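Per-entry structural report
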Amino acid sequence: MNPPHHHPKPASHPRRVLVLQGGGALGSYQAGAYQALCHHDFEPEWLAGISIGAINAAIIAGNPREKRVEKLKQFWEMASSPVPWQPMLHTDHAHSLFNEASAAMIAAFGVPGFFTPRFPPAHLMPTAAPETLSYYDTRPLRATLERLVDFDLLNTNGIRLSVGAVNVVTGNFEYFDNTQVTIGPEHIMASAALPPGFPAIEIDGQYYWDGGIASNTPLDYVLDSEQRDSLLIFQVDLFSAHGRLPQTLLEAAEREKDIRFSSRTRLNTDKNKQIHDARKALRHLIDRLPDELRNDPAYAVLHEAAKENSVTVVHLIYRKRDYEASSKDYDFSRLNMIEHWKSGEQDVYVSMRDQEWQRGPQDGEAMVTWDLTRDAFK
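Parameters and conventions
- Residues numbered from 1 in each chain as written.
- Predicted model: local features only at pLDDT ≥ 70, side-chain atom pairs only at ≥ 80, totals over all residues.
- Heavy atoms only, no water.
- Core = buried A, V, L, I, M, F, W, Y, C linked by side-chain atoms within 4.5 Å.
- Buried < 20%, exposed > 50% of the residue type's maximum accessible area, 1.4 Å probe, protein only.
- Helix = DSSP H or I, 4+ residues; strand = E, 2+ residues; numbered from the N terminus.
- Contact = heavy atoms within 4.5 Å.
- 1 Å grid on protein atoms, 1.4 Å probe; cavity = no way out; pocket = protein on both sides within 12 Å on 5 of 7 lines; lining within 4 Å.
- Points joined across faces, edges and corners; volume = space filled by probe spheres on them.
- Nonpolar A, V, L, I, M, F, W, Y, C, P; charged D, E, K, R; others polar.
- Pairing = 2+ DSSP bridges.
- Polar contact = N/O pair within 3.5 Å; in protein donor to acceptor, adjacent residues only side chain to side chain.

Per an unreviewed UniProt entry, the chain is named DUF3734 domain-containing protein, and its organism is Rhodopseudomonas telluris.

The nonpolar side chains of a soluble globular protein tend to be buried, and buried together. The biggest cluster of nonpolar side chains holds 71 residues, and the ones touching the most others in it are Leu18, Ile55, Phe75, Phe114, Ile188, Phe234 and Phe332. The element contributing the most residues to this core is helix H2 (residues 52-61), with 8 residues. Not counting residues up to four positions away in its chain, the partners in contact with Leu18 are Tyr34, Leu37, Pro44, Trp46, Leu47, Ala48, Ile60, Phe234 and Val236. Counting residues in hydrophobic clusters, the runner-up holds 15 residues, among them Val222, Leu231, Val311 and Val313.

In this model, the second largest pocket occupies a volume close to 620 Å³. What lines the second largest pocket is a set of 29 residues, among which Leu194, Gly197, Phe198, Asp329 and Tyr330 lie closest to the centre. Of all elements in the fold, only H2, helix H4 (92-109) and helix H9 (249-261) reach the threshold of two or more residues within the lining of the second largest pocket. Per-element tally for the lining of the second largest pocket: the top contributor is H9, with 3 residues. Counted by class, the lining of the second largest pocket contains 18 nonpolar, 7 polar and 4 charged residues.

Counting buried positions along strand E5 (residues 160-167) gives 8 out of 8 residues, so the element sits mostly inside the fold. Here E5 shows no split at all, with Arg160, Ser162, Gly164 and Val166 on one side and Leu161, Val163, Ala165 and Asn167 on the other all buried. Inspection of the sheet shows strand E2 (residues 46-50) paired to E5 by 5 bridges, in the parallel sense. Residue pairing for E5: Gly49 is matched across the bridge by Val163. When E5 meets strand E6 (residues 173-177), the two strands line up antiparallel, connected through 5 bridges.

Before going further, it helps to examine the side chain of Glu226. Mapped onto the elements, Glu226 comes out in the loop between helix H8 (219-225) and strand E9 (231-237). Polar contacts involving the side chain of Glu226 include one to the main-chain amide nitrogen of Arg228, which spans 2.8 Å. Leaving out residues up to four positions away in the same chain, Glu226 has contacts with Arg15, Trp46, Leu231 and Asn309.

This part covers empty space enclosed by the protein. All chains considered together, the criterion is met by 1 cavity of 30 Å³ or more. Roughly 110 Å³ of volume is contained in the largest cavity. Lining the largest cavity are 13 residues, and of these Leu223, Gln227, Asn272, Ile275 and Arg279 sit closest to its centre. Of all elements in the fold, only H8 and helix H10 (265-287) reach the threshold of two or more residues within the lining of the largest cavity. The element best represented in the lining of the largest cavity is H10, accounting for 6 residues. Looking at the lining of the largest cavity residue by residue, the classes come out as 3 nonpolar, 5 polar and 5 charged.

Attention shifts here to the side chain of His340. Positionally, His340 belongs in helix H12 (residues 334-352). Not counting the four nearest positions on each side in its chain, His340 is found in contact with Ala25, Leu26, Ser28, Tyr29, Tyr318 and Glu324.

Let's shift gears to the environment of Glu131. Assignment of secondary structure puts Glu131 in the loop between strand E3 (116-117) and strand E4 (136-137). Relative accessible area serves as the criterion here: at 36%, Glu131 is assigned to the partly exposed category. Considering only alpha carbons, one finds Glu131 and Pro199, 68 residues apart in sequence, at a separation of 5.0 Å. What Glu131 contacts, discounting residues up to four positions off in sequence, is Arg118, Pro199, Ala200 and Tyr207.

What follows is the structure, given as structure tokens:
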């Protein structure tokens, strides 16, 4: 199957992009955000994901519009584990104890349709292939993806899909993009293969791990790949770069994880602004060139290089509850899945109440970033 040809959108119509960060069990926040975005008629023309973001993106891209939320719900209901008792969570301390117990059960028994513990464990085997060097077996995930995702549709429906992974041998970060390759279950699994929990995934003789090892958000790939069409990007992150000073060892472990996996939106914004300023200065100089130089071949090259698109990034960030600890990204309890889903919906509705971001960059700006939920629930 040949990758589809994607036609660029006219400048008057910003290309709608959904960027999904990695974050394991927190990924139901992205599913809830997508459901709310559907209610506001935001249908992505380009999906870019890492790790659990790649799984969510594949389910969205690999289904017709009317079935996407249903399929996301099927995945998260299957992947989340109901507890055999009704927890009495009247305090943050009780909720924290419940979360830790739930995460311990997941670590011991795995997640249905996602991953199962290896037996015997890989470290007890005398020799092992790269695809078995892990605590868990992710073959159930392949079966789940094949059931929930129509990969023929994913590669032909005109929606661009980009997922990131890291080559285990070279250490290079690579993106699998359905405008360049035909994406299958193995590409999605590779993007979500976080070691040492999950095994490396073989693609064309090469082995790949989770893209979050190198970069946990695909925003930089989107900005580097598209510099002509105007973009409206909803970036849905699962770890917040901002947080309070830890008070305990457990809080310190969680804060370290938040910093390690949080996106570098500000870095990308600053880099884009520097490029914008350089192009703006170049356009200014080009306009001052005498007429006799405008037929020079170098003029055409510089004129093309000076073109730029406008970019609006609406940032949605999951912000943890006080009762959550460093196990929050592998606590697949049904209770927390529902809470995260609702949080994603709520943050979208809060963002949509502010119409200012819909005007796009103003006063000569090329890129603006909005985080409209930061102070919404304080």
